[in-house]
Structure formats: structure tokens, C-alpha cells
2 protein chains.
Amino acid sequence: MAELAKRSGLSVATIKFYLREGLLPPGHRSNVNQAEYDEAHLERLRMIRALAKVARLPLASIREVVSVVEGGGTPVDAMAATQDALAGEVGQGPINAESEGALDRIVAERGWQCEKTSPAYGAAVAALAELEAEGFGGEGLLAGYAEAADLVGHSDLAAVASEESTAGLVRAIVVGGALRRPLLDALVMLAQQHHAQAGRGPADR
Amino acid sequence: MAELAKRSGLSVATIKFYLREGLLPPGHRSNVNQAEYDEAHLERLRMIRALAKVARLPLASIREVVSVVEGGGTPVDAMAATQDALAGEVGQGPINAESEGALDRIVAERGWQCEKTSPAYGAAVAALAELEAEGFGGEGLLAGYAEAADLVGHSDLAAVASEESTAGLVRAIVVGGALRRPLLDALVMLAQQHHAQAGRGPADR
């Protein structure tokens, strides 16, 4: 237990809490006062730590991700559960038929196979509606953003593809996502500097 | 003053505070107890409100943006000042020669004309270094992200190009940027759903 705490970066008290909550399976009893924990326990803890400390998700959301991983879900299932937990934290706006139509068109145009019922879809519709309400919308913007998102999504999946366990994949999506976002934000500013100078189109490769 | 408060969405007390701080020029005195404010005052207030309430910048950063707008800076100057204020809020990491080299290469590859001394450049280097430290780096990721950022930066500039005043442009960059980020985040999730299913490359248009 002490070693598990050291290697996971979590306190013994926190690990005991996760054990009581059923987020971490019990160790293998070696005697009445001692339990053994293996690499799978460590992987699970590091995944929970990423969800709790990096993404700051509530316990109920963490439990949902854990249950998919525990149930032997595929990596796609695990990613969907992680996304749902992350997007669920985003405030969902009211239904807006116009924004939904615009998103439907762009998804069809890009040939994306994605879940219309997922929180991410709802978050995109809500964000679009808010942009429209403030007068900063426009389908040209959406098309450019969707093309950019396609590149980012592909890069993200390539970056996490080498993870061997489902718990490792979830951690890579959460931690990597949190760390990649500031990089993308900063790169966008640099591209803005470039394009502001001459009203250029995207740079030729 | 009352009308200015109503139209800007700020309280009279807040407007008086901005007047005292010199962020808003005094109105045109019509008599000893009355001052007239025009559309330029309203534009300035809406810009300050965006910087203070949406971007949550401290007064010192707002003052810097105001001074560029007040000094008759070009839209490119105003954008640079806004970016510096926004990126300055991002924690700057320690200098990392390796990450800086990787960013230099990708900026050269894309042909971006941008300021190496800008806070945005520093923020990109810091974000890259943190990704590397967590084992989530790689030049393939950076190349994909830079290409995506190019599209986003171009879309952003196109979206704010119709603003007629410099104050309006700054507001569009700040408010639009804050609203566009959730849209991009949500679209990235949808693209991840698509790419997760078959390890596809970016969708063909």
C-alpha cells in the first residue's frame, strides 16, 4: 500500500477511499494484515488520478468511466465514456434547431461517424448557438473549425494509439487532452499573428 | 451616464471607476453636472467589459490594450496587445531548448511570420515541454496541431475582419475567442469519435 501510494502519487488515505468506494479492486490477501497490489492496480489508480486531479471530474463521472474499463469495454467504449464524462461537465445550452442543422450539415460534409446523442454533440450545438447569439457565427467559421478539428482528432488518436491497456488509454486521453489544449491555444495565437499581417489564407505547406 | 450603463451592461459605479482609472476618456461636458458620451465611449466600454468579464484580465493588462487602441495602433498592433495580455495569463514554464527547437522547425515549415519574443511563443514552448515531460510529445503531433492551428487562426481572422473600429476588433478577438474555444473543443471530440472507430486519417472532404 505504501509503495502503491508512492508510485501513484496519491496518499494512502485517498487510496483507501477509492478502495471503499469500489473504484479500485481489493488487493490479493497475503495474510490478515497485508494485501498485495499489482501493476493493474497502479494503472487503475493513475487513471483515476488523471480523471480526478487533471480533469477534476466528480466521483459519479469517474465511477462511470471505471465501470466501462472494468467491464472489459473496448478502447472505443472507454473513449466514449471518457468524452461523455468530460463533455458532461460543459454546461448544456437549450436546444437550438438552427445550430443543430448547421452542425448536422458540417458533420455530413466531413463524413464523420459520430454519435448525435453524445454530450459532445450537444456541447457543439450549444457553443454554436452562443456564437450566433453574440453575432460571431457563420458557416464559413464552422467549416474551417471542423476541418481543423479533424486534424486535431486524428493527431490525438495517433498520440494515444500506443497505449497498451484500456486504463492507460483513458489516462492518455485525459492527461494528454489537458496538456494538448494549451499547445493548440498557443499555436492558434501564432497562426493569428501570421494571418493578421496580410489577411492570408492558411499557409501553404 | 445612465444610458451608457444600460447599453454597455456595466453599472454606473463600474463606469465611474474606469473613468477615474483613465481607461475611459471623459465625456463632453454639456454643463457642470452633465457629460455627454458618444458611440466611441460605448465601444470602448464594451471592449473593456470583454477584457474584464470574459477574459478576466487584471486591470494592468486591460490598461495595456487600452493604451494601444488609444494610441491609434493598427489592428495588427491591437491584436498583438490583446494576445500578449491573454497569453501573459498563461503560466510560463522554464526555457526548454529542445521544445524551442521543435517549435522553431514547425514555424519555419509552415512559413509563419510570428514574433519569437511574444508571450504566445513562450506559451507554446512551455506547453510542448510539459507534453514531452509527461511522455505525450512527438513531432507528428506538433505538425498536425500546427496545421489545425493554421486553419483556426485563418478562420478567426476572417470572422473578425468585418469589425470597423479597433475597439470592436479587440472585443471580437476576446469574446469571439472565448466563445469559439468551446466549439473547437466539442468538434475535436466528434472528430475523435470518428477516428477512434477505424484509425482513419483526416476525413476526405
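Every value quoted in this text rests on a predicted model; they were computed, and no experiment measured them.

Participant: Could you give me a rundown of the overall build of chain A, with the residues and numbers involved?
Facilitator: Of the regular secondary structure elements, chain A holds 9 helices and 2 strands. For chain A, the N- to C-terminal ordering of α and β elements is α-α-β-β-α-α-α-α-α-α-α. If you line up chain A on its principal axes, its C-alpha atoms span 70 × 35 × 30 Å. Taking all 205 residues of chain A together, the buried fraction comes to 46%. Restricting to contacts in chain A with at least 6 residues of sequence separation, those with at least 24 account for 57%. When the accessible area of chain A is evaluated, it comes to approximately 9,700 Å², of which 50% is carbon and sulfur surface. Between the mean site of the 19 positive side-chain charges and the mean site of the 27 negative ones, chain A shows a separation of 10 Å.

Participant: Could you give an account of the interface of chain B and chain A, naming the residues involved and the relevant values?
Facilitator: Each side of the interface is counted separately: chain B has 72 residues, and chain A has 72 residues. Approximately 7,000 Å² of surface area, both sides summed, lies buried where chain B meets chain A, with 69% of it carried by carbon and sulfur atoms. Summed over the shared surface of chain B and chain A, the result is 0 salt bridges. Our count for the chain B to chain A interface comes out at 18 residue pairs in polar contact (both at pLDDT 80 or more). Every element with two or more residues in the side of chain B that touches chain A is listed here: α5 (75–88), α6 (97–110), α7 (119–133), α8 (139–160) and α9 (166–198) of chain B.

Participant: Go over the pattern of salt bridges with me, naming the residues and quoting the values.
Facilitator: Residues and elements named next belong to chain A. One pass over the full model with this rule turns up 14 salt bridges over all chains. The residue R44 makes a salt bridge to E70 at a minimum N-O spacing of 2.9 Å. Of the two residues, R44 sits in helix α3 (residues 39–54) while E70 sits in helix α4 (residues 59–70), which places them 26 residues apart along the sequence. Here R110 makes a salt bridge to D150, at a shortest N to O gap of 2.9 Å. Placement of the pair is R110 in helix α6 (residues 97–110) and D150 in helix α8 (residues 139–160), with a sequence separation of 40 residues. Residue classification places R110 among the buried residues on the basis of a relative accessible area of 5%. Accessibility expressed as a relative area gives 0% for D150, which makes it buried. Shared partners join several salt bridges into a network, and the residues in it are E3, R7 and E39.

Participant: I'd like to hear about the packing of helix α3 (residues 39–54) of chain B against helix α4 (residues 59–70) of chain B, residue by residue, with values.
Facilitator: All names here are of chain B. Relative orientation of the contacting elements α3 and α4 amounts to 150 degrees, with a least axis distance of 10 Å. If you check the angle between α3 and α4, you find them roughly antiparallel. In terms of crossing hand, the pair formed by α3 and α4 is right-handed. Between α3 and α4, the contacting residues are R44, M47, I48, L51 and A52 on the first element and I62, V65, V66, V69 and E70 on the second. Here the residues of the contact of α3 with α4 are counted per class, giving 8 nonpolar, no polar and 2 charged.

Participant: Go over the nonpolar core with me, naming the residues and quoting the values.
Facilitator: Counting residues in each nonpolar core, the largest one holds 133 residues, and the members touching the most others are L103 and L190 of chain A together with L103 and L190 of chain B. Excluding anything up to four places from it in sequence, L190 of chain A contacts L103, V107, W112, C114, S118, A120, Y121 and A124 of chain B.

Participant: Report on the environment of V107 of chain A, specifying residues and quantitative values.
Facilitator: Residues and elements named next belong to chain A. With respect to the helices and strands, the residue V107 is situated in helix α6. Using a relative accessible area of 9% as the deciding quantity, one classes V107 as buried. In the structure, V107 is positioned 36 residues away from A143 in sequence and 9.6 Å away in space, judged by C-alpha atoms.

Participant: Explain the side chain of S8 of chain A to me, and be specific about the residues and the numbers.
Facilitator: Position of S8 of chain A among the secondary structure elements: in helix α1 (residues 2–8). Among the polar contacts made by the side chain of S8 of chain A, one reaches the main-chain carbonyl oxygen of L4 of chain A at a distance of 2.8 Å.

Participant: Account for the relation of the copies chain B and chain A, naming residues and giving values.
Facilitator: Two copies of the chain are present, and they differ by a rotation about an axis and a shift along that axis. Superposition of chain B onto chain A requires a rotation of 180 degrees combined with a translation of 0.0 Å along the rotation axis, giving an RMSD of 0.0 Å. Expressed as an axis order, the relation between the two copies is that of a two-fold axis. Identified as the residue of chain B closest to the rotation axis by C-alpha distance is A148 of chain B, at 2.1 Å. Interface residue correspondence from chain B to chain A reaches 100%, placing this contact among same-surface, isologous pairings.

Participant: I'd like a description of the packing of aromatic side chains, backed by residues and values.
Facilitator: Inspection of the entire model under this criterion finds 2 aromatic pairs over all chains. On the numbers, 5.8 Å between centres and 50 degrees between planes, the contact of F17 of chain A with Y18 of chain A is tilted.

Participant: Explain the layout of surface pockets to me, using residue names and the numbers behind them.
Facilitator: Reported here for the second largest pocket is a volume of approximately 700 Å³. Only α5 (75–88), α7 (119–133), α8 and α9 (166–198) of chain A together with α9 of chain B provide two or more residues apiece to the lining of the second largest pocket. Of all the elements, α9 of chain A adds the most residues to the lining of the second largest pocket, at 7 residues. Per-class residue counts for the lining of the second largest pocket are 18 nonpolar, 3 polar and 6 charged.

Participant: Mind laying out the confidence of the model for chain A, listing which residues take part and the relevant values?
Facilitator: Scored by pLDDT, chain A has a mean of 82; 91% of the residues are at 70 or more. Averaged over each element, pLDDT in chain A is lowest for α5 of chain A (79) and highest for helix α2 (residues 12–20) of chain A (93).

Cut-offs applied
Residues numbered from 1 in each chain as written. Chains lettered and ligands numbered in written order. Predicted model: local features only at pLDDT ≥ 70, side-chain atom pairs only at ≥ 80, totals over all residues. Heavy atoms only, no water. Helix = DSSP H or I, 4+ residues; strand = E, 2+ residues; numbered from the N terminus. Buried < 20%, exposed > 50% of the residue type's maximum accessible area, 1.4 Å probe, protein only. Contact = heavy atoms within 4.5 Å. Areas by Shrake-Rupley, 256 points an atom, 1.4 Å probe, with all protein chains shown as cover. Lys, Arg positive; Asp, Glu negative; His and termini not counted. Charge placed at Lys NZ, Arg CZ, Asp CG, Glu CD. Buried area = accessible area lost by both parts, 1.4 Å probe. Salt bridge = Lys/Arg side-chain N within 4 Å of Asp/Glu carboxyl O. Polar contact = N/O pair within 3.5 Å; in protein donor to acceptor, adjacent residues only side chain to side chain. Axes fitted to C-alpha atoms, helices over the stretch in contact; angles between N-to-C directions. Parallel < 35°, antiparallel > 145°, perpendicular 65-115°, else oblique. Left-handed = near helix turned anticlockwise from the far one by under 90°. Nonpolar A, V, L, I, M, F, W, Y, C, P; charged D, E, K, R; others polar. Core = buried A, V, L, I, M, F, W, Y, C linked by side-chain atoms within 4.5 Å. Least-squares fit on C-alpha atoms with pLDDT ≥ 70 in both. Phe/Tyr/Trp six-rings, centres within 6.5 Å; stacked < 30°, edge-to-face > 60°. 1 Å grid on protein atoms, 1.4 Å probe; cavity = no way out; pocket = protein on both sides within 12 Å on 5 of 7 lines; lining within 4 Å. Points joined across faces, edges and corners; volume = space filled by probe spheres on them. pLDDT = per-residue confidence, 0-100.

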